[in-house]
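An overview of the molecular structure
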Amino acid sequence: CSGTESAGTGSGERVEGGTIRYAHLQEAPCIYGGWVQQAYLSRQVLDSLVSQTEDGSIVPWLAEQWSVSEDQLTWTFTLKENVAFTDGTPLDAAAVAANFDYWVSGGNGTVAAYIGDYYESASAVDATTLQVKLSAPYAPLLSALSQGYFGIQSPTALTGRSEQENCEAPVGSGPFTVGEWKRGESVTFHKNPDYASAPANARHQ
């Protein structure tokens with residue numbers, strides 16, 4: 001798992017391979033979206049800019065560092081280098097900026113509810129530098145960005161595939177890819193063997 005949830009502190013030994021099963025009360029309409037059930041699913045596939053620890057601290061994930069202007073309106077994020085989506089698209093600042101625009105233009109209603117009244121623009125200063133401009137200060141921005149709703153998708157997939165394809169199998173840079181979705185029964189995820197971009201508070205890669 002990755003994100004704000006952490007594994008139990010039992011004394012069991014690490015096991016290679018195997019299967020984890022968990023169930024939801026209600027099936028979500030898509031793997032990615034604004035429902036909490038979707039956030040649990042998409043978190044397996046999509047990485048976020050930052051992660052939040054149990055004590056509320058914000059730590060690096062896809063963004064290695066960040067700063068905010070004195071007026072609290074311009075946030076600058078420095079991204080990890082050499083991260084790619086599982087379709088081969090580089091995960092660079094332009095890709096993340098495209099996700100911001102996608103979210104607020106209808107891609108995720110929950111994200112729009114969080115930042116829609118504050119978001120002005122996102123742009124790539126260079127390949128690893130993202131600049132996000134707000135119309136008004138928004139103190140909980142980093143906490144919001146740590147949530148599964150703000151998972152970063154491949155812009156190539158978002159624009160080059162159908163809405164249904166992206167619904168059923170979003171393309172991210174995360175530890176798993178979507179395998180088979182048997183609607184009403186199960187979703188299977190496959191390990192991403194190239195994954196090496198876990199958040200700073202993850203216990204392993």
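First things first, this report covers the structure right here in the doc.

Reading the values: rules and limits
Residues numbered from 1 in each chain as written. Predicted model: local features only at pLDDT ≥ 70, side-chain atom pairs only at ≥ 80, totals over all residues. Heavy atoms only, no water. Buried < 20%, exposed > 50% of the residue type's maximum accessible area, 1.4 Å probe, protein only. Helix = DSSP H or I, 4+ residues; strand = E, 2+ residues; numbered from the N terminus. Contact = heavy atoms within 4.5 Å. Pairing = 2+ DSSP bridges. Phe/Tyr/Trp six-rings, centres within 6.5 Å; stacked < 30°, edge-to-face > 60°. Lys NZ or Arg CZ within 6 Å of the ring centre and 35° of its normal. Core = buried A, V, L, I, M, F, W, Y, C linked by side-chain atoms within 4.5 Å.

A short note on helix H2 (residues 93–107)
Turning to H2, its buried residues are Ala-93, Ala-95, Val-96, Ala-97, Asn-99, Phe-100, Trp-103 and Gly-107. Residues of H2 that are buried make contact with strand S4 (74–79), helix H3 (109–115), strand S5 (119–126), strand S6 (129–134), helix H4 (141–145) and helix H5 (155–160).

Describing the pairing of S4
With five bridges joining them, strand S3 (residues 63–68) and S4 adopt antiparallel strand pairing. Across the sheet, Ser-67 pairs through a bridge with Thr-76, a residue of S4. Once S3 ends, the chain turns through five residues before running back antiparallel as S4, passing Gln-72 with a positive phi of about 70°. The sheet contact formed by S4 and S6 spans five bridges and is antiparallel. If you follow Thr-78 over to S6, its bridge partner there is Thr-129.

Comments concerning the packing of aromatic side chains
A full pass over the atoms with the stated rule returns six aromatic pairs. Ring geometry for Trp-75 versus Phe-77: centroids 6.3 Å apart, planes at 15°, classification stacked. Take Trp-75 and Phe-77: they sit in the same class, and that class is buried. Aromatic rings pair up to connect Phe-100, Trp-103, Tyr-114, Tyr-119 and Phe-150 into one cluster. Positioned above the aromatic ring of Trp-181, the side-chain terminus of Arg-183 is 3.8 Å from the ring centre.

Re the nonpolar core
Counting 44 residues, the largest nonpolar core has Leu-49, Phe-77, Phe-100, Leu-130 and Val-132 as the members making the most contacts within it. Secondary structure elements with two or more residues in this core: helix H1 (36–42), S4, H2, H3, S5, S6, H4 and strand S7 (176–182). Ranked by residues supplied to this core, first place goes to H2 with six residues.

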